[in-house]
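Topology and contacts: notes
Single-letter residue listing:
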Amino acid sequence: MHNKSTEATLKELKTGLEGLSEEEAKSRLASYGYNLLKEEKESKLRVFIRQFTSPFVLILLTAGFIALFLGDLKDALVVYGILLANGILGFYQELKAMASIEALRSLTALKVKVIRDGVEREIDSKELVPGDLVLLSEGDVVPADIRLIESVGLMVDEAMLTGESLPVEKEAGVVLQADTPLHARSNCLYKGTTVVRGKALGVVFATGRNTELGKIAQRVQEKSPESPLTRALGTFGKRWILFLLVFLSLLVVIGILQGRDSKTIVFFAIAQLVSAVPEGLPIVVTIALVVGAVRLSREKVLVKYLPAVETLGSATYICSDKTGTITLGRLKVSQYEAYDRKRLFLCSALCNDADAVKGDPLEIALLQWLEEERVNWEALRKTYERLWEHPFDTKRRLMAVVVSDGSGGFDFYVKGALESLVGMCREECPEEVWEIHDKMAQEGLRVLAFGYAKLERIPEHVDEAKIKIVGLVGFMDPPKEGVKEAVETAKRAGIRVIMITGDNLLTAKAIGRMVGIYQDKDLAIEGKEMQRYSDEELYNILKRVSIVARATPEDKYRIVRVLQSRGEIVAVTGDGANDAPALRVADLGIAMGSGSQAAKDAAKMVIVDNNLAIIVNAIKRGRLIAKNISKVIRYLLSANSFQIFYNSFAIITGLPLPLYPTQILWINLVTDGVQDKAYPFTKYEGDPMKEKPKNPIEVFMGREQLITLLYNGLLMAITHYMLFVYLLKTYPYEIALTISFTSAVASQWAVGVQEVSEKPFFRNPVEHIKLNPYVYLGIFIGTLLQLSAITFLADYFHAVSLSLEHIPYVVLLPVFTFFGIELRKWFVYLRR
């Protein structure tokens, strides 16, 4: 409706200055529905069931069933307990996310004054319909999308919708172009915004889901993407279980064709499958994420969705809000030029309707500036009584007052846009004033001019006064402390930072320069320019864009989607309801602690201290967690591949099984079960922010990872096979089996110690041990358990007691394994 005159708008909506009749209002309410943000809710049962449908969960369900089949009730209970706990946690998080619409809906819970049948009355805002005439004044929340009919000194805070940090002027009489962007539609008001000054009469043209806020609410209903960690583990789960099923089935066929007992060989395959499915991995991952979340909470970061902790470390882009995240979120006087210092201070104090905490943000900033200059503005207001005023006029863009001078005379003070004040000057405005004004404006400052005149009487009209300019004051929402350093750190870590704001381009570029986001070689664009580009073109442009100004919620949403479609992992910050769609669909939505409830509910993480520096610092923690999870996977799969290769060599060459099925399950307990839980507590080696972001699938199951675990697995399998062949010729099968059993356990401990660090152990043994001393506690516990297995519980594990002459064979291969891995690590270290 912004491109139609008031008369055309009223005609199209079939209403008039008398308002709708009650009968017509009821009829329209039946047609349009209540002025509420409705949501199509998914049943809680479906949400709960969905938590158990990922590939990795299905693998673990199968493992639990097999454990039950083998009579291992304890393992089955552990597996199902893990799945249930994870499912309940995911269910809870989804329910919290669904609350975002409720938060948006709460913005509509208010009363509103309307004109119906020519009479002013008050109704619930939910009963508003298109065509209703609405009366608004200072402090009112706009209840629907409204085309202004009349307005007086109207200013509206639209930050929650457009991101504009300053209140915007509104004027009923203008007619705009059809393609005018949302932030520039000065003749319309939008649902959820707030009137900060003036009065208005307007006609409702959109309610409920048809409002701009309603469109945002519909975006928020979109499903949030899985975290990179969840996707990576899902991919790993599919590949690993497929490999196990094919490989073990092949071994069963070979064993049966060799004439082995079918029951024994099938029992072996099932036991090997249970052991090879790392059911402890979800526990370790959860521990790593919880440890990270607890540490982040100490750094003023509250994690709502645990996998988001790891997502931080994978982020390739940070799409950051400006106001309140990069900047303080409040205006301050940045520069000023005083031609008459005394009159400038008096005008700032007296031509001002704010107090210390309430009022126009510009006027509050003036009072704070006066306090910094040691000017007692409260005393000045008591000394100089206000006798006349010209309230802020959106057409003239100025405000004026007349005060008594204390001696029977009158002082006239005016503040506003310089172009408005120069027409009131008694002499031509000096060129120097314009030069300073333009320089401030080019630096992104909001500039106010201040004027003074001595009068003999109180004027009837503001134009009667002939003034002189006494000063210029430039305002800015300044950057927060530490943000510049954080941006530099993010860039060094290979993370691109894009500032997306509803503010104008000049202001955005000025702030961007201050904090290092924007440099001369970078691009800065306005949101409306994005409409000209296809998604492919936009992605290529975003590689060089540092600032997107005058951005709408749709612009921010599209930026996130375009980046994600090209494999980028996107973290988004925001605090307004307008940010909720982008926060919801981002890989990691980060809401500000002081932001709207809608933003917090749509996000996966909340920053208590609204500061970009906190986010960049949290990325370090996320990278450590990702690194530790990759180490756990490498350790677990090295052990699993060793057992598979070892038994496979024996079956293929016709030897007896070197590890009995129950021994395989036991090894899983005394190695994986006690050592892997220590990995989440490993400290970081070096500076994580000097590394470039890596694809999570590459980190967890990439080429380098696969080469490492295959090397470890084959190293242990080949050496153990050769030793087992020798032992079968030297000792009875029971002794050879027991030595093989114990050596296999100790060799996996050796892998566990080595994989704590990617650097060679003997490069700095003390530093290596300090990285994670808990691993050695795990070995100690495992040693006690293994000794009990080959002594007190020997009958259960097909083992016999070993004598001193057997000990060298038990120790030989773990030592060989340790040095074999050390050799590989030295090779990789020196090559790098």
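Located above this text is the structure these notes cover.
In this report, the structure presented in the accompanying data block is examined.

Analysis parameters
- Sequence positions are assigned chain by chain, starting from 1 and proceeding in written order.
- Side-chain atom pairs in this predicted model are given and counted only at pLDDT of 80 or more, local residue features only at pLDDT of at least 70, and totals for whole chains, interfaces and linings cover all residues.
- Only heavy atoms go into the side-chain values, all of them from the structure, while hydrogens and water stay out.
- Numbered from the N terminus, helices here are DSSP runs of H or I no shorter than four residues, and strands are runs of E no shorter than two.
- Relative accessibility decides the category of a residue: with a 1.4 Å probe and only protein chains considered, values under 20% of the type maximum give buried, values over 50% give exposed, and everything between is partly exposed.
- By definition, residues are in contact when any of their heavy atoms lie within 4.5 Å.
- Here the Shrake-Rupley method, with its probe set to 1.4 Å, supplies the accessible areas, and only the displayed protein chains count as covering residues.
- Patch members must show over 30% relative accessible area and no salt bridge, and they are joined within 9 Å when carrying like charges or within 5 Å when they are nonpolar side chains of Val, Leu, Ile, Met, Phe, Trp or Tyr.
- Criterion for a salt bridge: a side-chain nitrogen of Lys or Arg within 4 Å of a carboxyl oxygen of Asp or Glu.
- Note on charges: Lys and Arg go in the positive column, Asp and Glu in the negative column, and His and the chain ends are not counted at all.
- By convention, charge coordinates are those of NZ in Lys, CZ in Arg, CG in Asp, or CD in Glu.
- Nonpolar core, defined: a set of buried Ala, Val, Leu, Ile, Met, Phe, Trp, Tyr and Cys residues in which side-chain atoms within 4.5 Å join the residues together.
- In short, DSSP must find at least two bridges between two strands for them to pair.
- To get an axis, fit a line to the C-alpha atoms, keeping to the stretch in contact for a helix; angles then go from 0 to 180 degrees between the N-to-C directions.
- Disulfide assignment relies on a single distance test, namely cysteine sulfur atoms paired within 2.5 Å.
- Roughly parallel means an angle under 35 degrees; roughly antiparallel means over 145; roughly perpendicular covers 65 to 115; every other angle is labelled oblique.
- The crossing is said to be left-handed when, going from far helix to near helix, the turn is anticlockwise and less than a right angle, and right-handed when the turn is clockwise.
- Charged means Asp, Glu, Lys or Arg here, nonpolar means Ala, Val, Leu, Ile, Met, Phe, Trp, Tyr, Cys or Pro, and polar covers whatever is left, Gly included.
- Working rule for helices: expected span equals 1.5 Å times residues minus one.
- Note on aromatic contacts: the rings of Phe and Tyr and the six-membered ring of Trp form a pair at centre separations within 6.5 Å, being stacked when their planes are under 30 degrees apart, edge-to-face when over 60 apart, and tilted otherwise.
- Charge-over-ring contacts are defined here by two conditions on Lys NZ or Arg CZ: a distance within 6 Å of the ring centre and an angle within 35 degrees of the ring normal.

So, on to the overall build of the protein chain. Scanning the protein chain for helices and strands turns up 30 helices and 21 strands. Here the protein chain, with 832 residues, has 57% of them falling under the buried criterion. Summarising the internal contacts of the protein chain: among those between residues at least 6 apart in sequence, 74% fall at separations of at least 24. If you sum the accessible surface of the protein chain, you get close to 35300 Å²; carbon and sulfur atoms cover 57% of it.

Further remarks concern a negative patch on the surface. Together, Glu428, Glu431, Glu432, Glu435 and Asp438 give the surface a local cluster of negative charge. Mapped onto the secondary structure, Glu432 falls in helix α16 (residues 431-442). A residue is classified by how much of its surface remains accessible, and Glu432, at 44% relative accessible area, is partly exposed.

The subject of this paragraph is the nonpolar core. Grouped together as the largest cluster of nonpolar side chains are 142 residues, with contacts concentrated most on Ile318, Phe412 and Ile467. Looking at this core element by element, the count peaks at 19 residues for helix α23 (residues 612-652). Residues within four places of Phe412 in sequence aside, it is in contact with Trp388, Ala400, Val401, Val402, Met424, Gly451, Tyr452, Ala453, Leu455, Val462, Ala465 and Ile467. Ala365, Val375, Leu380 and Val401 belong to the second-largest nonpolar core, a separate cluster that totals 34 residues.

Turning next to the sheet that holds strand β16 (residues 496-500). Whether parallel or antiparallel, the strands of a sheet pair through hydrogen bonds between backbone atoms. Spatial strand order, β8-β21-β20-β19-β9-β16-β18-β17: eight strands in an open sheet with mixed pairing. The sheet is open, and its two borders are formed by β8 (301-303) and β17 (523-526), each paired with just one other strand. Taking the axes of each pair of neighbouring strands and ignoring which way they run, one obtains an average angle of 20 degrees across the sheet. The pairing of strand β19 (residues 570-574) with strand β20 (residues 588-592) spans four bridges and is classified as parallel. Within the sheet, the bridge partner assigned to Val572 lies in β20 and is Gly589. Along the sheet, helix α18 (residues 505-515) makes contact with β16, β17 and β18 (545-549), crossing β18 at roughly 145 degrees. Along the sheet, helix α20 (residues 553-565) makes contact with β9 (317-320), β16, β18 and β19, crossing β19 at roughly 165 degrees.

Before going further, it helps to examine the environment of Gly654. Looking at where Gly654 falls in the secondary structure, it is placed in the loop between α23 and α24 (661-675). In this structure, the C-alpha to C-alpha distance between Gly654 and Gly255, residues 399 residues apart in sequence, is 8.3 Å. With near-sequence residues (within four places) excluded, Gly654 lies in contact with Gln258 and Arg260.

Bringing the state of the cysteines into the picture now. Taken as a whole, this structure holds zero disulfides when the rule is applied. Here Cys425 stays free of any disulfide, with the sulfur of Cys429 as its closest cysteine sulfur at 5.5 Å.

The subject of this paragraph is the packing of α23 against helix α27 (residues 733-754). Where α23 contacts α27, the axes come no closer than 9 Å and their chain directions differ by 150 degrees. If you check the angle between α23 and α27, you find them roughly antiparallel. By crossing handedness, the relation of α23 to α27 is classed as right-handed. Contact residues: Tyr635, Ser638, Ala639, Phe642, Gln643 and Tyr646 in α23; Ser740, Ala744, Gln748, Val751 and Gly752 in α27. Taken together, the residues of the contact of α23 with α27 sort by class into six nonpolar, five polar and no charged.

Attention now goes to the sheet that holds strand β13 (residues 410-416). Strand order in the open sheet formed by six strands is β10-β15-β14-β13-β12-β11, with antiparallel pairing between adjacent strands. Each edge of the sheet is formed by a strand with only one pairing partner; in this case those strands are β10 (332-338) and β11 (386-393). Taking each pair of neighbouring strands and ignoring which way they run, the sheet shows an average axis angle of 15 degrees. Of the pairings in the sheet, the one linking β11 to strand β12 (residues 398-404) comprises five bridges and is antiparallel in character. The residue bridging Arg386 from the neighbouring strand is Val403, located in β12.

For α23, with 41 residues, the first-to-last C-alpha span of 59 Å sits near the 60 Å given by 1.5 Å per residue. Of all the 41 residues making up α23, 35 are buried; the element is thus mostly covered by neighbouring parts of the structure.

A few words on the pattern of salt bridges. Enumeration according to the criterion identifies 29 salt bridges in this entry. One salt bridge in this structure joins Arg386 and Glu389, with 3.4 Å as the shortest N-O distance. With relative accessibility at 30%, the residue Arg386 sits in the partly exposed group. When the shortest N-O distance is used, the salt bridge between Asp411 and Lys454 registers 3.2 Å. In this pair, Asp411 is assigned in strand β13 and Lys454 in strand β14 (residues 446-455), connecting sequence segments 43 residues apart. On the accessibility criterion, Asp411 (2% relative accessible area) is buried. By relative accessible area, Lys454 is classed as partly exposed at 46%. Several salt bridges share partner residues, and in doing so they unite Arg197, Asp353, Glu363, Arg386, Glu389 and Lys415 into one network.

Below, the discussion takes up the pairing of β18. Across the five residues of β18, five count as buried, placing the element largely inside the fold. Both β16 and β18 contribute to a ladder of two bridges, which runs parallel. Looking across to β18, one finds that Met499 is bridged to Ile547. With four bridges connecting them, β17 and β18 associate as parallel partners.

Moving on: a nonpolar patch on the surface. Taken together, the side chains of Phe681, Tyr774, Leu777, Phe780, Ile781 and Leu784 make up a nonpolar region of the molecular surface, amounting to roughly 590 Å² of accessible area. Secondary-structure assignment places Leu777 in helix α29 (residues 774-789).

Under the definition given, this model contains 18 aromatic pairs. With a centroid separation of 5.1 Å and an interplanar angle of 80 degrees, the aromatic rings of Phe761 and Phe762 are classed as edge-to-face. Look at Phe761 and you get buried, because its relative accessible area is 11%. Clustering of aromatic rings is evident, with ring pairs tying together Phe761, Phe762, Phe818 and Phe819. Taking the ring centre of Tyr452 as reference, the NZ or CZ of Arg343 above it sits at 4.2 Å.

In this model, Arg374 sits at a positive phi of 60 degrees, which is unusual for a non-glycine residue. Following the sequence through the fold, Arg374 ends up in the loop between α13 (361-372) and α14 (377-383). What makes Arg374 exposed here is its relative accessible area of 79%. The phi dihedral of Arg550 is positive, around 50 degrees, even though this residue is not glycine. Here Arg550 is to be found in the loop between β18 and α20. A residue is classified by how much of its surface remains accessible, and Arg550, at 18% relative accessible area, is buried.

Running from N to C, helix α17 (residues 483-492) and α23 point in directions that differ by 35 degrees, and their axes come no closer than 8 Å. Considering how the two elements wind past one another, α17 and α23 form a crossing that is left-handed. Where α17 approaches α23, its residues Val483, Ala486, Val487, Thr489 and Ala490 are matched on the opposing element by Leu612, Ala613 and Val616. Looking at the contact of α17 with α23 residue by residue, the classes come out as seven nonpolar, one polar and no charged.

The analysis is restricted to geometry; functional conclusions fall outside its scope.
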